[in-house]
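Each chain is listed here by its residues.
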Amino acid sequence: MSAPYEIRTNDNGRSKKQSMAELKLRRLNELNQRLQEDLNRRRIPVSEASMDLIAFTDKEPKDFMVPSRWGAVDKRDDPYAPQQSGGCCSVM
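About the criteria used
Residues numbered from 1 in each chain as written. Predicted model: local features only at pLDDT ≥ 70, side-chain atom pairs only at ≥ 80, totals over all residues. Heavy atoms only, no water. Helix = DSSP H or I, 4+ residues; strand = E, 2+ residues; numbered from the N terminus. Buried < 20%, exposed > 50% of the residue type's maximum accessible area, 1.4 Å probe, protein only. Salt bridge = Lys/Arg side-chain N within 4 Å of Asp/Glu carboxyl O. Patch = residues over 30% accessible without salt bridge, like charges linked within 9 Å, V, L, I, M, F, W, Y side chains within 5 Å. Areas by Shrake-Rupley, 256 points an atom, 1.4 Å probe, with all protein chains shown as cover. Polar contact = N/O pair within 3.5 Å; in protein donor to acceptor, adjacent residues only side chain to side chain.

J.: Quick question: what am I supposed to make of the overall build of the chain here?
T.: The helix and strand tally for the chain stands at three helices and zero strands. Scanning the chain from its N terminus toward the C terminus, one meets helices and strands in the order α-α-α. Taking all 92 residues of the chain together, 2% fall into the buried category.

Encoded structure:
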C-alpha cells in the first residue's frame, strides 16, 4: 500500500515545489534585468525636456490647438473651428 501523501513529480523527476521555485527565480531574474535596463536609461531634467519641447514648437508649423503659443487664429484659417452652415438643417 502506498503512502497517502506522495510528492508528485513531473516528467523530469523533479518535484513540483522545485519547479515552482525555479519559475519564481526566473521571473525575479527577468524583473531584475528590466529594472537594470530602466536604471541605465538616459535621463534628462524636466527643465531641459521642456526647453526642447518649446524649441520644437518654435520651428514646426503653426499648431492651431495651442493658441496661447501662436496668438488668436483667424476663423477661416482654423481647421478646428465650427463650420458655419447656411440653414438650420442639411440634407445628405
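J.: Sorry if this is basic, but what is going on with the pattern of salt bridges here?
T.: As a working rule, side chains carrying opposite charge can pair if their charged atoms are close by. Inspection of every chain in the model, using the stated rule, returns three salt bridges. The partner of Arg 26 in a salt bridge is Glu 30, with the nearest N and O atoms 3.7 Å apart. With Arg 26 and Glu 30 both in helix H1 (residues 16–40), this residue pair falls four residues apart, about one helical turn. Glu 30 sits in the partly exposed class, given a relative accessible area of 36%. The network of salt bridges with common partners includes Asp 38, Arg 41 and Arg 43.

J.: Please clarify how a nonpolar patch on the surface should be interpreted in this entry.
T.: A cluster of nonpolar residues, Leu 28, Leu 31 and Leu 35, forms a patch on the protein surface that exposes about 270 Å² of accessible area. Take Leu 28: it is sitting in helix H1.

J.: So what exactly am I meant to see when it comes to the environment of Asp 38 here?
T.: Mapped onto the elements of the fold, Asp 38 is located in helix H1. Taking relative accessible area as the criterion, Asp 38 reaches 30% and is therefore assigned partly exposed. Among the polar contacts made by the side chain of Asp 38, one reaches the side chain of Arg 41 at a distance of 2.5 Å.

J.: How should I be thinking about the environment of Arg 43 in this particular structure?
T.: Residue position: Arg 43 is located in the loop between H1 and helix H2 (46–59). Reaching out from Arg 43, the side chain makes a polar contact with the backbone oxygen of Asp 38 at a distance of 2.8 Å.

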